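Inside the fold
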Amino acid sequence: MERGKGMYLQIKEPTKRISADSVRVWRISNLLGYGITLVLAGAVLYAAYYYEWKTWIIAILTIGFMLLLAAAIWAVSIKPYYLQKTWRYEIDEQFAQLKYGRFKVRHIVIPMAKVEYVSTSQGPFLRKYGLFNVEIGTTTSDHTIPAIHRDEAYALRDQISTYAKVQLDGEHGVEEA
């Protein structure tokens, strides 16, 4: 049988995007994490030179530091942009769909019948830009739609809970009905 005919479902590709502010949030978060790591790695490398450690140890530390620096440049300047550009999601009465990735594309389809909870969360960097993460939980895993504006995140949480027949609980997000 050909794909799209017979017993296969016709599932429309997700089209909704996450906030463009997610790039700033991810850049700040990655800059903080990699900045601290680079300072610590630099201190170890400085100690290696100062205390005249063996040449092969200094060579390994230098290579490690350069690789860490390259990873930091990728994570701070390039990756957030591509991640935001490739993130798509779609919610309907049957499925929650998440699709993201440029080189390794992930397309996750979550049946609404399997959803056990849905919640919103917000850290300090997301709060600065008025963004929330929406987490969809099933019995075996949980999936996150990152960086959604406040009103849209709450509406999405309520929509998913309605489709999945989950009852809202003011303090803890939602619970199963």
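Structure's up top.
Quick look at the structure, then. This one's a predicted model, so the numbers in the text were calculated from it and none came from an experiment.

Below, the discussion takes up the sheet that holds strand E4 (residues 106-111). What the 4 strands build is an open sheet, ordered E1-E2-E3-E4; its pairing is antiparallel. Because the sheet does not close on itself, it has two edges, and the strands there are strand E1 (16-17) and E4. In the sheet, E1 pairs with strand E2 (residues 88-91) via 2 bridges, with the strands oriented antiparallel. Residue pairing for E2: Arg17 is matched across the bridge by Arg88.

Tallied over the entire structure, the rule returns 4 salt bridges. With its nearest N and O atoms 2.6 Å apart, the salt bridge here joins Glu13 to Lys99. Of the two residues, Glu13 sits in the segment before E1 while Lys99 sits in strand E3 (residues 95-100), which places them 86 residues apart along the sequence. Looking at Glu13, the relative accessible area reads 41%, which means it is partly exposed.

This next bit is on the pairing of strand E7 (residues 142-149). The pairing of strand E6 (residues 131-138) with E7 spans 6 bridges and is classified as antiparallel. Bridge assignment links Val134 to a residue of E7, and that residue is Ile145. Counting the residues between successive antiparallel strands, the hairpin from E6 to E7 contains 3 residues.

What counts, and at which threshold
Counting restarts for each chain, with residues numbered from 1 along the sequence as it is written. Selection of residues for local features in this predicted model requires a pLDDT of at least 70, selection of side-chain atom pairs for listing and counting requires 80 or more, and totals for whole chains, interfaces and linings are taken over all residues. Neither water nor hydrogens contribute to the side-chain values; these are computed over all heavy atoms in the structure. One bridge is not enough; two strands pair if DSSP finds at least two bridges between them. We count a stretch as a helix when DSSP gives it H or I for four or more residues in a row; a strand needs E for two or more, and each element gets its number in order from the N terminus. For this analysis, a salt bridge means a side-chain nitrogen from Lys or Arg found within 4 Å of a carboxyl oxygen belonging to Asp or Glu. Partly exposed residues are those whose accessible area sits between 20% and 50% of the maximum for their type, while under 20% is buried and over 50% is exposed, using a 1.4 Å probe and protein chains only.

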